[in-house]
Amino acid sequence: MPRPEVLERITDAEDEAEEIVAEAEEDAEARIDEAREEADEIREQAREKADAAADERLEEARETIEAEREEILAEGREEREALEARAESNTEDVVEYVVTQFEEAVHAQT
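Please read these numbers as outputs of a predicted model, since none were measured by experiment.

Chemist: I keep staring at the overall build of the chain and nothing clicks. Help me out?
Modeler: On a plain count of helices and strands, the chain comes out with one helix and zero strands. Against the 2.2 N^0.38 benchmark of 13 Å for 110 residues, the chain shows a C-alpha radius of gyration of 46 Å, more extended than a compact globule. Reported as C-alpha extents along the three principal axes, the dimensions of the chain are approximately 155 × 25 × 10 Å. Buried positions account for 0% of the 110 residues belonging to the chain.

Chemist: Sorry, what's going on with the environment of Glu-59 here?
Modeler: Tracing the chain through its elements places Glu-59 in helix α1 (residues 3–109). Accessibility expressed as a relative area gives 39% for Glu-59, which makes it partly exposed. Residues Glu-59 and Ala-13, 46 residues apart in the sequence, show an inter-C-alpha distance of 68 Å.

Chemist: Teacher, can you tell me more about a negative patch on the surface here?
Modeler: On the surface, a cluster of negative charge is made up of Glu-5, Glu-8, Asp-12, Glu-14, Asp-15, Glu-16, Glu-18, Glu-19, Glu-23, Glu-25 and Glu-26. Along the chain, the position of Glu-26 falls in helix α1. A relative accessible area of 58% means that Glu-26 is categorised as exposed.

Chemist: When you look at α1 in this model, what are you seeing that I'm missing?
Modeler: For the α-helix, the turn length of 3.6 residues means that residues three or four positions removed from each other point alike. Taking 1.5 Å per residue, 107 residues should reach 159 Å; α1 reaches 147 Å between its end C-alpha atoms and fits that length. If you look at α1, its biggest bend is around 40 degrees, right at Thr-91.

Chemist: Any chance you could explain the pattern of salt bridges here in plain terms?
Modeler: Evaluation of the coordinates by the stated rule reveals eight salt bridges. Between Arg-43 and Asp-40 there is a salt bridge; the shortest N-O distance is 2.2 Å. Residue Arg-43 and its partner Asp-40 are located together in helix α1, separated by three residues, close to a single helical turn. Of the residues examined, Arg-43 reaches a relative accessible area of 53% and is grouped as exposed. Asp-40 sits in the partly exposed class, given a relative accessible area of 44%. Arg-69 serves as the salt-bridge partner of Glu-70, at 2.8 Å between the closest nitrogen and oxygen. Under the relative-accessibility criterion, Glu-70 is labelled partly exposed at 36%. Ionic contacts of the salt-bridge type, sharing partners, join the residues Glu-44, Arg-47 and Asp-51 into one network.

Basis of the calculations
Residues numbered from 1 in each chain as written. Predicted model: local features only at pLDDT ≥ 70, side-chain atom pairs only at ≥ 80, totals over all residues. Heavy atoms only, no water. Helix = DSSP H or I, 4+ residues; strand = E, 2+ residues; numbered from the N terminus. Rg over C-alpha atoms; globule rule 2.2 N^0.38 Å. Buried < 20%, exposed > 50% of the residue type's maximum accessible area, 1.4 Å probe, protein only. Patch = residues over 30% accessible without salt bridge, like charges linked within 9 Å, V, L, I, M, F, W, Y side chains within 5 Å. Areas by Shrake-Rupley, 256 points an atom, 1.4 Å probe, with all protein chains shown as cover. Salt bridge = Lys/Arg side-chain N within 4 Å of Asp/Glu carboxyl O. Lys, Arg positive; Asp, Glu negative; His and termini not counted. Charge placed at Lys NZ, Arg CZ, Asp CG, Glu CD. Expected span 1.5 Å × (residues − 1). Bend = angle between axes of the 7 residues up to and from the residue.

The structure is reproduced here in structure tokens:
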């Protein structure tokens, strides 16, 4: 084979190798871009799930707090009613005691 043909074949082979390398680099870059996009999507989905879970836990906590609040208010109302009833039952005794003390004080001054 004559020398110019050998050189031309070598040049052709080098050109072909460069094309193969360029295509491989482009393919690798495209795969990297796809992987980055997929990773971004996965991170976004994970963030959305985490946000949804946090919102759900927050709502559950609010419901629990509201239930406890209602329970405390109900207990407070019951306690107030019991105190009012006790105070009403003691009213007559207190009035009698105060009148007695007043009368004794008046008699003591005379």
